[in-house]
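Breakdown of the fold
If you want the building blocks of each chain, they are given just below.
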Amino acid sequence: MNRQQSPPSSEPAAELVCGNQFGTFFGVSQTTFDRVWKQITAPEGNSVAYVSMEIGADPDVFHPVRNYLLSHQVTTSKQAPLNQLLERYLNGPRKIPNYSGGLGVLAGDTLKSFADMHLPVVGVSLLYRGGYFSQVVDSKVGQIDHATSWTPEATPTLFRLHQPDHPEEPLEIEIPFFNGGQQPLLCKAQVWMKMEIAEGLDYFTPEFLLDYNLADAPQWVGEAAQQLYNAKSDYVKANQRRMLGSSVLPLLSALGISSQTIHLNEQHGVTATLHLILQELATTLGENYAELMTDRDILAAASRVSQKIVYTIHTPVKAGHDRFSREMYSSISHAAFQRILNLVAHDDEHHHEYNFTAMAMRLNRSINSVSRLHRDVTRKQFPAFTDKIKAITNGVHHLTWISDQRAELFDRIPSLKSWRENPGCFSSLAIDDYPELTSGLKEAWQQDNLRLIEYTNQMLDRHRAQMSETWIDPPNYLSRLSAPTRLEAEVFTIGFARRFSTYKRADLIFDDIPALARILVENNWPVNFLFAGKAHPEDEPGKSVLKLLLDCQEALFRHSNGLGKLIFIPDYDMSIAKLMVAGVHSWLNSPKRPLEASGTSGMKAAMNGVPNISVLDGWWVEGYHGGQTGWKFGYDGPVDEADLSEDPSTLLYNEDSASFYRQLPLILEAFYHRPESFLAKAVNNLKLNVPIFNTHRMTAEYIMAYDLHLDRATSAKIAQFRKLYQSDLG
Ligand SMILES: *Cc1c(COP(=O)(O)O)cnc(C)c1O
């Protein structure tokens, strides 16, 4: 996998030990470490703090240090502390469950690309001791959620910072909260650093994760710190948001990080701007600013603060936008915040609420949506900001999502020689390389499909065994059949996996099971439908969709005489995603247009050459290329008329499922009878979509909004990626 040269030392692992006053770390050389630390602490503040409620970057899908150690056969050391580190990196737990879905995985992919591109950025997020919930699925009950337990202490790539003068004491920073008054109530948080290390081990992006879950934490803090998106009440939710936003400045200052730009990955951390405004007011008006400040002073301070903020909005869906009652919020904020909030967070429709999306819209120097269609929708939702809202279409970290089998193939193709550093090279694939690429892709795809099918069959067997051992009814009809029925490789396999949320309509294609089954039976076409995903524990409608989906399994199997097999894989995470996107023959997305702002799982499939079958929504509007890369179905009319409602009566199940049933025979006919045409679509994905939907290109577009001063080599690299695609032109 890896192509670095061995360092000259007799103890190669020792070369990867690095550190500073905050700790001893592992994974890059001291020189590299110092270079990054110097950049992020430089007095001129030429770096960015990227603030996100969640970050998904599990080491089981991308772990360059482990790859390096394995490929250099560095597995033990004579020095005991090094040996412990090696043990942790090679065999330690490889999940960091601090994400719930697309937003977090995008954040992780983005930070990895910053590292690969040598861009000075630090991530800021929270560490959730209870992670996001884990999912068990019972066919009678549906989703059962339970707490996730994990040990940050044992997890490679993650380090707790210590105090500069007392290495045995964890660093604790104090974050000021103002529960209704003007005097700060200081809460403590420990700081973890996760290193997102570049594939060449020659750069890294530090992510600082705040752990508020300390023994002496007040109850309201402990409650909100435990689990990502704990939404037991608006009060807990608001506290979780401000635990992120209010920590940004104290964190940067405690570590000496000088970033002058804050990138808000969604509005969750927007309260950071309130603290910046207070700082501004204190600087201009002095200590008594709270008594002296006029509305005009506040607006002037807000306008200066805006110059530091870059904001990415991720969804048109209401649940993604935080609104809090003024009354509740007043009881937990600085007395001066109310006056600021009244000016910058007012909601024009709901006067008794503060609207944090509106606040983020008002306080920034740049706003971007996550696809072209989403830009148009966002402009309709926030017409006052039309001129400011630009598109920067999402991407995925290609090195994370391309399967090992595909990666080995790309390594062998001469015109793709630079693919690891430059995903843009797929656009200049040489004609001479087509035959080898096509036959190699076919082979790699078969292997990835076989792995997925074996994984699924083993899961079905395990569930079958559990049926007699536990009270859980296995989630799959096939496990419950008296005669074991297994999935077969090379049967057309459709994948669908993402959060369960009503607008994503996971059950859409099963709206008319007899119609679906007829397509399979009339042509004797077997099809595997592999589904996965979690519904937020408080999202009852989302959970119902999951249960409805399970209820379709038996009917589909019977109506199709066993040709159609619908399987649900519980506890979806990044490693299941990676297995699925490479192992299926097509990736399905069936949201109600235009509610899927971007979607990224389809891009992960495209990176592996897997065609998408999708509603023309989000990124697919840009990735469809007139049908060269996959198929579209469903409503694709203008967004002017489109309804942003998620009300069940507006979800277009009849129309859009009927449209799917019209497409499906064409897809199956191509797969089973014209395999070369199917493979041609796969190659088109590599050629047309890999160069666009990667996070290297996306970060190159973000850089324009960051306004960083970069060295010549980095600027040249950015310019090269900017040439690949300009999201905002379309
Ligand atoms: C990529 C990914 C997502 C996002 O999927 P969408 O189709 O964009 O909703 C969610 N969860 C996991 C684990 C992922 O890897």
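The coordinates are above.
Analysis parameters
- Residue numbers run consecutively from 1 along every chain, following the written order of its sequence.
- For a predicted model such as this one, the threshold for reporting local features is a pLDDT of at least 70, and the threshold for listing and counting side-chain atom pairs is 80 or more; totals across whole chains, interfaces and linings nevertheless cover every residue.
- Only hydrogens and water are removed before side-chain values are computed, so all heavy atoms of the structure are retained for them.
- The helix and strand labels rest on DSSP assignments: H or I over at least four residues marks a helix, E over at least two residues marks a strand, and numbering proceeds from the N terminus.
- Residues count as neighbours in contact if any of their non-hydrogen atoms are within 4.5 Å of one another.
- Near is defined per residue: the residue qualifies when any heavy atom it owns lies within 4 Å of the molecule or strand.
- Any N or O atom pair separated by 3.5 Å or less is treated as a polar contact, with the protein-specific requirement of one donor-capable and one acceptor-capable atom, and with residues adjacent in sequence counted only for side-chain atom pairs.
- Only the protein chains shown count as covering a residue, and every accessible area follows the Shrake-Rupley method with a 1.4 Å probe.
- As a working rule, the residues Ala, Val, Leu, Ile, Met, Phe, Trp, Tyr, Cys and Pro are called nonpolar, Asp, Glu, Lys and Arg charged, and the rest polar, with Gly in that last group.
- What counts as a domain boundary in this text is fixed by an automatic or database domain assignment.
- Residue exposure (1.4 Å probe, protein chains only): buried if accessible area is under 20% of the type maximum, exposed if over 50%, otherwise partly exposed.
- By nonpolar core is meant a set of buried Ala, Val, Leu, Ile, Met, Phe, Trp, Tyr and Cys residues that side-chain atoms within 4.5 Å join together.
- Here, strands pair whenever DSSP counts at least two bridges between them.
- To get an axis, a line is fitted to the C-alpha atoms, and for a helix only the part in contact is used. The angle between two axes follows their N-to-C directions and goes from 0 to 180 degrees.
- Should an angle fall under 35 degrees it is called roughly parallel, over 145 degrees roughly antiparallel, and 65 to 115 degrees roughly perpendicular, with every other angle called oblique.
- Left-handed describes a crossing whose near helix is turned anticlockwise from the far helix by less than a right angle; the clockwise case is right-handed.
- By convention in these notes, a salt bridge is any Lys or Arg side-chain nitrogen within 4 Å of a carboxyl oxygen on Asp or Glu.

1. Quick word on the side chain of His 321
With respect to the helices and strands, the residue His 321 is situated in the loop between strand S12 (309–312) and strand S13 (323–325). Setting aside chain neighbours within four positions, we find His 321 in contact with Gln 267, Ile 313, Thr 315, Pro 316, Thr 357 and Phe 382.

2. So, the site of the ligand
Residues in contact with the ligand amount to 15 residues; listed here are only the nearest, Arg 498, Lys 504, Thr 600, Ser 601 and Lys 604. Within the contact set of the ligand, an oxygen atom lies 2.5 Å away from a side-chain nitrogen or oxygen of Ser 601. Within the contact set of the ligand, an oxygen atom lies 2.6 Å away from a side-chain nitrogen or oxygen of Lys 604. Considered on its own, the ligand offers 390 Å² of accessible surface; in the complex 95% of this is hidden by protein. Where the shell around the ligand is concerned, the elements lending two or more residues are helix H4 (102–116), helix H21 (574–583) and helix H22 (601–607). Within the shell around the ligand, the residues separate by chemical class into 6 nonpolar, 5 polar and 4 charged. Looking at which domains feed residues into the shell around the ligand, each of domain 1 (42–58 + 96–391) and domain 2 (398–637 + 644–693) supplies at least three.

3. Some thoughts on helix H19 (residues 513–523)
The set of residues buried in H19 consists of Ile 513, Ala 515, Leu 516, Ala 517, Ile 519 and Leu 520. On its buried face, H19 sits against strand S18 (527–532), helix H20 (540–559), strand S19 (564–569) and helix H24 (653–673). A positive backbone phi angle near 55° is found at Asn 524, which sits one or two residues after H19.

4. Details of the nonpolar core
It is characteristic of soluble globular proteins that their nonpolar side chains tend to be buried jointly. Formed by 105 residues in total, the largest nonpolar core has its most connected members in Phe 26, Leu 69, Met 195, Phe 208, Leu 210 and Tyr 212. In this structure, Phe 529, Leu 530, Ile 576 and Met 603 belong to the second largest nonpolar core, which totals 103 residues.

5. Examining the pairing of strand S10 (residues 204–211)
The two faces of a sheet get side chains in turn, since along a regular strand they alternate between them. For S10, a buried count of 8 out of 8 residues is recorded, marking the element as mostly surrounded by other parts of the structure. A two-sided burial pattern is seen for S10, the buried positions comprising Phe 204, Pro 206, Phe 208 and Leu 210 on one face and Thr 205, Glu 207, Leu 209 and Asp 211 on the other. For strand S9 (residues 185–197) and S10, the ladder comprises 8 bridges, and the chain directions are antiparallel. When the bridges of S10 are listed, Met 195 appears paired with Pro 206. If you look at the hairpin formed by S9 and S10, you'll find 6 residues sitting between the two strands, and Leu 201 has a positive phi there, around 55°.

6. Here we look at the pairing of strand S2 (residues 23–26)
As paired strands, strand S1 (residues 17–20) and S2 are joined by 4 bridges and run antiparallel to one another. When the sheet's bridge partners are listed, Cys 18 is paired in S2 with Phe 25. Linking S1 back to S2 in an antiparallel pair, the connection comprises 2 residues.

7. What about unusual backbone geometry?
Across the junction of Arg 593 and Pro 594, the peptide omega takes the value 5°, indicating a cis bond. Looking at where Pro 594 falls in the secondary structure, it is placed in the loop between strand S20 (586–589) and H22. Phi angles above zero are rare outside glycine, and Arg 505 is one such case at about 50°. Assessed through its relative accessible area of 0%, Arg 505 is described here as buried. Even without glycine at this site, Asp 707 takes up a positive phi of about 60°. Along the chain, Asp 707 falls in the loop between helix H26 (695–706) and helix H27 (712–724). When its relative accessible area of 57% is taken as the criterion, Asp 707 is described as exposed.

8. Concerning the packing of H19 against H20
The geometry of a pair of packed helices is captured by two quantities: the angle between their axes and the separation between those axes. It is at 9 Å that the axes of H19 and H20 come closest, and there the two elements cross at 40°. One finds that H19 runs oblique with respect to H20. Here the hand of the crossing between H19 and H20 comes out right-handed. Two secondary-structure elements touch here, H19 through Ile 513, Pro 514, Leu 516, Ala 517 and Val 521 and H20 through Cys 552, Ala 555, Leu 556 and His 559. Looking at the contact of H19 with H20 residue by residue, the classes come out as 8 nonpolar, 1 polar and no charged.

9. Topic: the pattern of salt bridges
As a working rule, side chains carrying opposite charge can pair if their charged atoms are close by. Applying the stated criterion across every chain yields a total of 33 salt bridges. Taking the shortest distance from any N to any O, the salt bridge between Asp 728 and Arg 375 comes out at 3.0 Å. Here Asp 728, found in the segment after H27, pairs with Arg 375, found in helix H14 (residues 372–381); they are 353 residues apart in sequence, far enough to count as distant. Classification of Arg 375 as buried rests on a relative accessible area of 5%. A salt bridge links Asp 411 to Arg 420; its shortest N-O distance comes to 2.8 Å.

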